[in-house]
Amino acid sequence: MLYTLSQLFDINLFGYISVRAGFAFMTALLFTLFVMPKYILWAAARNANQPISKYVKAHEGKGKTPTMGGAIFLASTILAALLTVNLTNPYVWGGIITLVGFGAVGMKDDLGKILTGDNLEGLTPRGKMALLGIIALTATGLLVISGFPTDFYIPFVKTPLFDMGYFAIPFWILIFLATTNAVNLTDGLDGLATVPSIIALFTLGIIVYITGHAIFSHYLLIPNIKGVGEVMILAAALGGGLMGFLWYNAYPAEVFMGDTGSLAIGGFLAYLAILGKSELLLILIGLVFVIETVSVILQVGSFKLRQKRIFRMAPIHHHFEMKGWPENKIIVRFWMIAFIANIIALITFKFR
C-alpha cells in the first residue's frame, strides 16, 4: 500500500526502502504484541501445548506451555509486507513463498505433535525433508527464472570465483535445508533461537539492501543486483514480528514458536543469504545455529563410531544445562556469541 501510494501520489518519502522497512517493522511488532496474548489464551484452552522430551528433565514444567506461536509472527510479517512492499518485485514474492512454505511444513509437523501429545509424532524426518526440499526447489527455481545471477562469492574477495550455472540450484537447496534444520535444533530454550534470528535478520537485511543499492555496493565492492534491496523490508517485518514474539518468549517463556516459526525463520535466513551472495558468510552470521548443529553431528557420529558421547547431551545447550548452568545464563551467553559473530561478519565487508 505504501509503495503504491508513493507511485500514485508522488510521495517520495514512501518510495524509500528504509522508510517502508521501518513501517513494516513497527506494524509487525505491534500486531504481534496485540494478537499474541489472545493466541496464548486460545492455545492454552485447547491444550495446544509443546510436547516435552522425556530426556530433558529440567523442562518437565514446560509441558503446558502453548506452542505454534510462530504462526502469529509469520502472519504479522506477511501483513506488514503486503502493506509496505512493491508487490511487483519477484524477489519479494520469493521471500513470501519461502516464509509461507516453510512455515506450512512446520505447522503440519507441530499439529501432528500436538494432536498426539508426543514430541516424536510429527512428520517423519524423510517426509519433512522432502516437503522442505520442494519448497526450497520452488524458491530457487523462481530465482533462476527471474534471472538471478549464479556467481559464487566468498568473503574477503570482491570478484566471483566462478559461475555455478544450474549447479546453483542444488547448492541453494542445500543452504535452505541446512539453515532450516539448524534454527530448528537451536529452538530448545526460552528465547534462545529468537534473538540470534533477529540479529541475523538485521545483518542480512543490511547486506541485501547494500547489494540492491548501486552506490553502496560499488563503494563496498560487492555485487549489485537490481531489485533485491526490496526484500530488506520483508526482513524488517519478520524482525519486528520476532521482537513482539520475544516479549512473550523470553525466559520464562509463555509461548514457543514451534517448527512453524523455526523452519520459516531458517528458510528465510537462507533466502536472504543467497540474495546477498553471502552463502558462506552465513556460517558466521548464524554461528550459534552452526554450533548447535555441529554439536549434534559430532555427538551422533561419535556414538555410532566409538559408542561414546562427546557431550552430556546434544544439542549443546542441553549439555550446559546438565552441567548445572542456569537456563537464562546459557541463553544470554549464546546471544552474546551471536551478536559478536554478526559484528565480525559486517566488518568483513571492509576487507575485500
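Novice: Got a minute to help me understand the overall build of the chain in this structure?
Specialist: Looking only at helices and strands, the chain has 14 helices and 2 strands in total. Over its C-alpha atoms the chain spans a radius of gyration of 20 Å, differing by no more than 12% from the 20 Å that the globule rule assigns to 352 residues. Each principal axis of the C-alpha atoms in the chain carries an extent, and together these give about 55 × 45 × 35 Å. The 352 residues of the chain split such that 52% are buried. Sequence separation of at least 24 residues holds for 74% of the intrachain contacts in the chain that already meet a minimum separation of 6. Carbon together with sulfur atoms contributes 70% to the accessible area of the chain, which is approximately 16,200 Å² in total. The chain carries 24 positive and 17 negative side-chain charges, and their two centres are separated by 7 Å.

Novice: What is the right way to look at helix H2 (residues 17-45) in this model?
Specialist: Two residues of an α-helix separated by three or four positions point the same way, owing to the 3.6 residues in each turn. Along its 29 residues, H2 runs 41 Å from first to last C-alpha, staying within 8% of the 42 Å computed at 1.5 Å per residue. At valine 35, H2 shows its maximal kink, close to 30°; a proline, proline 37, follows between one and four residues later. Among the residues of H2, those classed as buried are Arg20, Ala21, Ala24, Ala28, Leu29, Thr32, Val35, Met36, Tyr39, Ile40 and Ala43.

Novice: For this particular structure, what's the right way to read the pattern of salt bridges?
Specialist: Two side chains that carry opposite charge are able to pair once their charged atoms sit near each other. Under the defined criterion, the tally for this structure stands at 3 salt bridges. Put simply, aspartate 109 and lysine 128 hold a salt bridge, and the shortest N to O gap is 3.0 Å. Remark: lysine 128 occurs in helix H5 (residues 125-145) and aspartate 109 occurs in helix H4 (residues 90-116); sequence separation between them is 19 residues. Classification of lysine 128 by relative accessible area gives buried; the value is 12%. A cluster of three or more residues bridged by salt bridges with shared partners is formed by Asp109, Lys128 and Asp259.

Novice: Would you mind showing me how to read the side chain of threonine 194 here?
Specialist: Of note, threonine 194 is situated in helix H7 (residues 194-211). On the basis of relative accessibility, which here comes to 0%, the residue threonine 194 falls in the buried class. Side-chain polar atoms of threonine 194 contact the side chain of asparagine 249, separated by 2.9 Å. Contacts of threonine 194, omitting those with residues within four sequence positions, involve Leu242, Phe245, Leu246, Asn249 and Met257.

Novice: Before we go on, may I ask you to explain the nonpolar core in this structure?
Specialist: Side chains of nonpolar character tend, in soluble globular proteins, to be buried together. Counting 82 residues, the largest nonpolar core has Tyr91, Phe148, Val231, Leu242, Phe268 and Leu275 as its most contacted members. Counting residues in hydrophobic clusters, the runner-up holds 13 residues, among them Leu246, Ile331, Phe334 and Ala338.

Novice: Any chance you could explain the packing of H2 against helix H3 (residues 70-84) here in plain terms?
Specialist: Packed helices, taken two at a time, are described by the angle their axes make and the gap between the axes. Where H2 contacts H3, the axes come no closer than 8 Å and their chain directions differ by 145°. Once H2 is placed against H3, the crossing between them reads as right-handed. Taken together, the residues of H3 that come into contact with H2 (itself represented by Arg20, Phe23, Ala24, Thr27, Ala28, Phe31, Thr32, Val35, Met36 and Tyr39) are Ile72, Phe73, Ala75, Ser76, Thr77, Leu79, Ala80, Leu83 and Thr84. Across the contact of H2 with H3, the residue classes break down as 13 nonpolar, 5 polar and 1 charged.

Novice: Quick question: what am I supposed to make of the environment of isoleucine 340 here?
Specialist: The topology assignment puts isoleucine 340 in helix H14 (residues 327-347). Spatially, the C-alpha atoms of isoleucine 340 and aspartate 110 are 32 Å apart, while their sequence positions differ by 230 residues.

Novice: Which parts of the structure should I look at to understand unusual backbone geometry?
Specialist: With the exception of glycine, the majority of residues adopt a negative phi angle, and the majority of peptide bonds are in the trans configuration. A cis amide bond links tyrosine 251 to the next residue, proline 252, at an omega of -5°. The residue proline 252 is located in the loop between helix H9 (231-249) and helix H10 (258-275) in this model. We note that asparagine 47 has phi near 55°; this positive angle belongs to a residue other than glycine. In this structure asparagine 47 comes out as exposed when scored by relative accessible area, which is 54%. In this structure, leucine 221 takes a positive phi of about 60° despite not being glycine. When you line up the elements, leucine 221 lands in the loop between helix H8 (214-219) and H9.

Novice: Could you clarify how one ought to interpret empty space enclosed by the protein in this entry?
Specialist: To find the voids left in a structure, one rolls a probe of water-molecule size over its atoms. If you walk through the whole model with that rule in mind, you get 1 cavity of 30 Å³ or more. Counted as a void, the largest cavity has a volume near 100 Å³. Forming the boundary of the largest cavity are 15 residues, of which Ile154, Lys277, Ser278, Phe349 and Arg352 lie nearest the centre. Looking at the lining of the largest cavity residue by residue, the class counts come to 8 nonpolar, 4 polar and 3 charged.

The rules behind each value
Starting from 1, residues in each chain are numbered consecutively following that chain's sequence as written. Given that this is a predicted model, residues contribute local features only at a pLDDT of at least 70 and side-chain atom pairs are listed and counted only at 80 or more, while totals for whole chains, interfaces and linings are drawn from all residues. In computing side-chain values, all of the structure's heavy atoms are included and hydrogens and water are not. A run of DSSP states H or I qualifies as a helix once it reaches four residues; a run of E qualifies as a strand once it reaches two. Both are numbered from the N-terminal end. Throughout, the radius of gyration refers to the C-alpha atoms, and the reference size of a globule is 2.2 Å times the residue count to the power 0.38. The classification of residues rests on relative accessible area computed with a 1.4 Å probe and restricted to protein chains. Under 20% of the type maximum is buried, over 50% is exposed, and intermediate values are partly exposed. Note on definitions: a residue-residue contact is assigned when non-hydrogen atoms from the two residues lie within 4.5 Å. Note that accessible areas follow from Shrake-Rupley with a 1.4 Å probe, and for residues the cover is restricted to the protein chains shown. The charge count includes Lys and Arg as positive and Asp and Glu as negative, but it does not include His or the ends of the chains. A charge is said to be at NZ when it belongs to Lys, at CZ for Arg, at CG for Asp and at CD for Glu. Take the number of residues in a helix, subtract one, and multiply by 1.5 Å to get its expected span. To get the bend at a residue, fit one axis to the 7 residues ending there and another to the 7 starting there, then take the angle between the axes. Salt bridge, as applied in this entry: a Lys or Arg side-chain nitrogen positioned within 4 Å of an Asp or Glu carboxyl oxygen. Whenever two N or O atoms come within 3.5 Å, that pair is a polar contact, provided that in protein one can donate a hydrogen and the other can accept it, and provided that, for residues adjacent in sequence, both atoms are side-chain atoms. Buried Ala, Val, Leu, Ile, Met, Phe, Trp, Tyr and Cys residues that are joined via side-chain atoms within 4.5 Å together make up what is termed a nonpolar core. Note on geometry: axes are C-alpha line fits, over the in-contact stretch for helices, and angles between N-to-C directions span 0 to 180 degrees. Each crossing gets its handedness from the near helix: less than a right angle anticlockwise from the far helix is left-handed, clockwise is right-handed. Residues are sorted three ways: Asp, Glu, Lys and Arg are charged, Ala, Val, Leu, Ile, Met, Phe, Trp, Tyr, Cys and Pro are nonpolar, and all the rest, Gly among them, are polar. Cavities and pockets are defined on a 1 Å grid built over the protein atoms alone: a cavity is a set of grid points where a 1.4 Å probe fits but cannot escape, while a pocket is an open set with protein on both sides within 12 Å along at least five of seven lines, and lining residues are those with an atom within 4 Å of any such point. Grid points are joined across faces, edges and corners, and a volume is the space filled by probe spheres set on the points.

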